[in-house]
Amino acid sequence: MRALAMLYGVVSYFLFFAVFVYLIAFVGDFLVPRTLSSEATMGSISALQVNIGLMLLWGIQHSVMARSSFKKAIASVIPQQIERSTYVAVSSIVLAM
């Protein structure tokens, strides 16, 4: 079980690293197909709604999972030793969106 927890942690942190490097390339305008400077494919209002929705999703997820009450509640579902790795993985997935 300990080896699986370690593997899960390593995969979670590699996921974070990949998403963060992609974010840097997206903002820095290099090596990725779509960047911050790419031509818009939807109207301004739609883009604003999508961006606000994604920011709210990430902010809410990030804040809720960081609370001790959430950590206590999720302790019945996942082992304590993989709690941080789960937080990192979920935050990375939401950021990737």
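Anyway, here's the lowdown on the structure attached to this text.

What counts and how
Residues numbered from 1 in each chain as written. Predicted model: local features only at pLDDT ≥ 70, side-chain atom pairs only at ≥ 80, totals over all residues. Heavy atoms only, no water. Helix = DSSP H or I, 4+ residues; strand = E, 2+ residues; numbered from the N terminus. Rg over C-alpha atoms; globule rule 2.2 N^0.38 Å. Buried < 20%, exposed > 50% of the residue type's maximum accessible area, 1.4 Å probe, protein only. Contact = heavy atoms within 4.5 Å. Areas by Shrake-Rupley, 256 points an atom, 1.4 Å probe, with all protein chains shown as cover. 1 Å grid on protein atoms, 1.4 Å probe; cavity = no way out; pocket = protein on both sides within 12 Å on 5 of 7 lines; lining within 4 Å. Points joined across faces, edges and corners; volume = space filled by probe spheres on them. Nonpolar A, V, L, I, M, F, W, Y, C, P; charged D, E, K, R; others polar.

Right, let's get into the overall build of the protein. Tallying secondary structure elements over the protein gives four helices and zero strands in all. Secondary structure elements in the protein, listed N-terminal to C-terminal, are α-α-α-α. Computed over C-alpha atoms, the radius of gyration of the protein comes to 16 Å, more than 25% over the 13 Å expected from 2.2 N^0.38 for 97 residues, which places it beyond the range of a compact globule. Within the protein, buried positions represent 22% of all 97 residues. Taking the contacts inside the protein whose residues are at least 6 apart along the sequence as the reference set, 62% of them involve residues at least 24 apart. Accessible area of the protein: about 7300 Å², with a carbon and sulfur share of 71%.

The next thing to look at is empty space enclosed by the protein. With the rule as written, the count across this model stands at one cavity of 30 Å³ or more. If you trace the largest cavity, you find it lined by Met 65, Phe 70, Lys 71, Ile 74, Ile 78, Glu 83, Thr 86 and Tyr 87. Those elements giving two or more residues to the lining of the largest cavity turn out to be helix 3 (68-74) and helix 4 (83-96). Taken together, the residues of the lining of the largest cavity sort by class into five nonpolar, one polar and two charged.

Turning our attention to the layout of surface pockets. Counted as a void, the largest pocket has a volume near 990 Å³. Lining the largest pocket we find 24 residues, and of these Phe 26, Leu 36, Asn 51, Leu 54 and Met 97 sit closest to its centre. Considering every element that reaches the lining of the largest pocket, the biggest residue donor is helix 2 (residues 44-66), with seven residues. In this structure, the second largest pocket occupies an estimated 160 Å³ of space. Surrounding the second largest pocket, Tyr 13, Phe 16, Val 19, Trp 58, His 62, Arg 84, Tyr 87, Val 88, Ser 91, Ser 92 and Leu 95 form its lining.

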